[in-house]
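Per-entry structural report
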Amino acid sequence: MKTIYTLMCATGLLASCAGFDELAPQGGTLLASQVKSANEYAPSRGNAPFNGMYTKLGEPVSVYGGGIDGRPDDFGFIMIAFSGDLEAADIVTANSGYNWFSTCGALTSRNGDYANPYIRYAAPYNEIAAANEIISTYDSNSPDKEVIYKLAQAHAIRAFSYLNLAPYFQFRYETSSELPCVPLVTEKTVEFTKNPRASVAQIYELILDDLDWAIDNLEGFARPDKSRIDRQTAYGLRARANLYMGNWAEAASDAALAAEGYVPASIEDVSSPSFYSLNEHNWIWGYDMTTDVALSNPYATSSSWIRSFSGDGYSAATQVYSCINSLLYDKIPETDVRKGWWVNADLESPLLENVSWNGVSGKDVATLEIENVKLPFLPYTNVKFGMNAIGSTNNDEDWPFMRVEEMILIQAEGLVRSGQTDAGRQILEDFVKTYRDPSYSADAGGRSIEDEIWFQRRVELWGEGFSNPDTRRLGKPLVRFHDAASSNFPAAFRFNMPADDGWWLMRFSTAETNTNLSIVNNTSGTRPVQDQYPDLRDGVTD
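Bear in mind that the values here come from a model prediction, so they are computed numbers and not experimental data. (Residues numbered from 1 in each chain as written. Predicted model: local features only at pLDDT ≥ 70, side-chain atom pairs only at ≥ 80, totals over all residues. Heavy atoms only, no water.)

**Some words on the packing of aromatic side chains**
The criterion, for reference: Aromatic pairing here means that ring centres of Phe, Tyr or Trp (its six-membered ring) are within 6.5 Å. Orientation follows from the plane angle: under 30 degrees is stacked, over 60 is edge-to-face, and everything else is tilted. Helix and strand assignments come from DSSP, with helices taken as H or I runs of at least 4 residues and strands as E runs of at least 2, each series counted from the N terminus. Burial classes follow relative accessibility: with a 1.4 Å probe on protein chains only, a residue under 20% of its type's maximum area counts as buried, one over 50% as exposed, and anything between as partly exposed.
Applying the stated criterion across every chain yields a total of 29 aromatic pairs. Taken together, a centroid distance of 4.9 Å and an interplanar angle of 70 degrees make the contact between Phe-82 and Phe-101 edge-to-face. Of the two residues, Phe-82 sits in helix α3 (residues 76-87) while Phe-101 sits in the loop between β1 (91-92) and α4 (102-105), which places them 19 residues apart along the sequence. Side by side, Phe-82 and Phe-101 carry an identical accessibility label, which is buried. Taking 4.8 Å as the distance between ring centres and 55 degrees as the angle between the ring planes, the aromatic pair formed by Tyr-121 and Tyr-125 counts as tilted. One end of the pair is Tyr-121 and the other is Tyr-125, both in helix α5 (residues 115-137) and four residues apart, which spans about a single turn.

**Details of the confidence of the model for the protein**
Formally: On a range of 0 to 100, pLDDT expresses the predictor's confidence in each residue. Working rule for contacts: check all heavy atoms of both residues, and any pair within 4.5 Å makes them a contact.
Mean pLDDT over the protein stands at 92; residues scoring 70 or higher make up 92%. In the predicted structure, residues 1-44 sits below a pLDDT of 50 and forms 107 contacts with residues beyond four places in sequence or in another chain.

**Comments concerning empty space enclosed by the protein**
Any empty space left between the atoms is revealed when a probe the size of a water molecule rolls over them. Counted only if it meets this: Only protein atoms enter the calculation, which uses a 1 Å grid: trapped sets of points that fit a 1.4 Å probe without letting it out are cavities, open sets showing protein on both sides within 12 Å along at least five of seven lines are pockets, and any residue with an atom within 4 Å of a point is a lining residue. Grid points are joined across faces, edges and corners, and a volume is the space filled by probe spheres set on the points. Throughout, the ten residues Ala, Val, Leu, Ile, Met, Phe, Trp, Tyr, Cys and Pro are labelled nonpolar, Asp, Glu, Lys and Arg are labelled charged, and all others, Gly among them, are labelled polar.
Counted under the stated rule, the structure contains six cavities of 30 Å³ or more. Size it by volume and the largest cavity reaches roughly 210 Å³. Lining the largest cavity are 16 residues, and of these Phe-160, Asn-164, Arg-240, Glu-464 and Gly-465 sit closest to its centre. Those elements giving two or more residues to the lining of the largest cavity turn out to be α3, α6 (145-163), α10 (231-245) and β8 (399-403). Each residue belonging to the lining of the largest cavity can be placed in one class, and the counts come to twelve nonpolar, two polar and two charged. There is about 100 Å³ of room inside the second largest cavity. Put simply, the parts of the chain that give the lining of the second largest cavity at least two residues each are α7 (166-169), α9 (200-217) and α20 (467-473).

**A closer look at helix α11 (residues 248-259)**
Rule in force here: Here a helix's expected span is defined as the number of its residues, less one, multiplied by 1.5 Å.
Over its twelve residues, α11 runs 16 Å from end to end, which matches the ideal 16 Å to within 8%, given 1.5 Å per residue. All buried positions along α11 are accounted for by Ala-251, Ala-252, Asp-254, Ala-255, Ala-258 and Ala-259. Buried residues along α11 sit in contact with α10, β4 (283-287) and α17 (404-417). Positive backbone phi, at 85 degrees, marks Gly-261, one or two positions downstream of α11.

What follows is the structure in structure tokens.
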């Protein structure tokens, strides 16, 4: 493996790799205060900050910096998605000194001095700052449509950023709308040292206002590629916001508008490792990971951590693979093509049939070992996420922020929960039977239709950042294991947690509370311990 971090660990600094989670955030400045006064420049000069707003969504080492020497767990909103999933029930990683995300698996990420929660707070507020700068710079009454389109995209990015904060700092909208969430920062904010937490309702009010503005003003916009937000993407983000708020009918309606013209990936499409290219026809919006951006620090990328086929990444080289919880895997029918998105307990998957790496093909790829590059797969390792080329060292694979499949599942859930059960069930069955499992019946699993939709989301969207917010918005407990002896979670990560435990709530970084004196931090809950609450059940993996 061509990574300086492995060399560091191999020379006796292994403990320091995990210990970086205890590194105090640098600088101590209020992240929200990065909002700048509007610059007096012509709109044509605004392309650099506008393009940068998109680049930073998944840019390696964009919070801590450091280039090739920066933190390998610092890669913006892709890292936020990965971290959130690791805190939930469905992704299993090794409890290893090489695992920079062990703080998520152990749920020790409720420490204000740890780098992981700091990055997850800093990255959205950096984006909010960038969006606010654009919003404050351009004239919202400009006759120039290109100016209006830029403003509309900035509003959508700001909404997306708050959607990546709100679910983590307070409980669900239905029960906690008036409780404190995160500070509200807009282009009009001037007081940063005394900016208390806004309520959940106030945060979502801004999210909806921003997305309404974006939808109203993106009509006619033809984006250059799927890395940019267009009107349908904004509808999709509003569908997601309405889902989190429990506005079921509105969520279904917006999701239908977002999905127009898009077709899900077929059974054939997902019968080999995929989910790596912006050009995949089922993607609505994604991150364009260019080679130049990826090589600024290839270890701080989804390819290094989430994909199992990188020739220069942490996952394959250190056996810190992203695996599915066997509880969920065992519930997937054998007739479902998605069963092959992970190898089984014997390291077998039909998705490996046409895979070749270093002269080895098919099922032997799972057990292939290449010195300093790849160790054998672990049971239930994911092969869902592919590469532009198996064994590539570029780590320049793109990332899906929104797929049409998500929108279809939002439609189904929104209809069911707004009283149109038959219509929602039909949408669900049509999708799964046509694109994933021809033998599918929504009743076959014995779950309620609401839990069946959640099951389908957990399988279809696995690894894409929805597991934690879904568990939270549905008021479900964290259920990682039933029986300790049969669980594939490492002992330190093997625990369950009640839905109302305050440990769910992230803490504000010390850097933020030292500067914004009006923040009252989350303090409730108890850090989980091994094998706690073994009798908890979630309605899906029962």
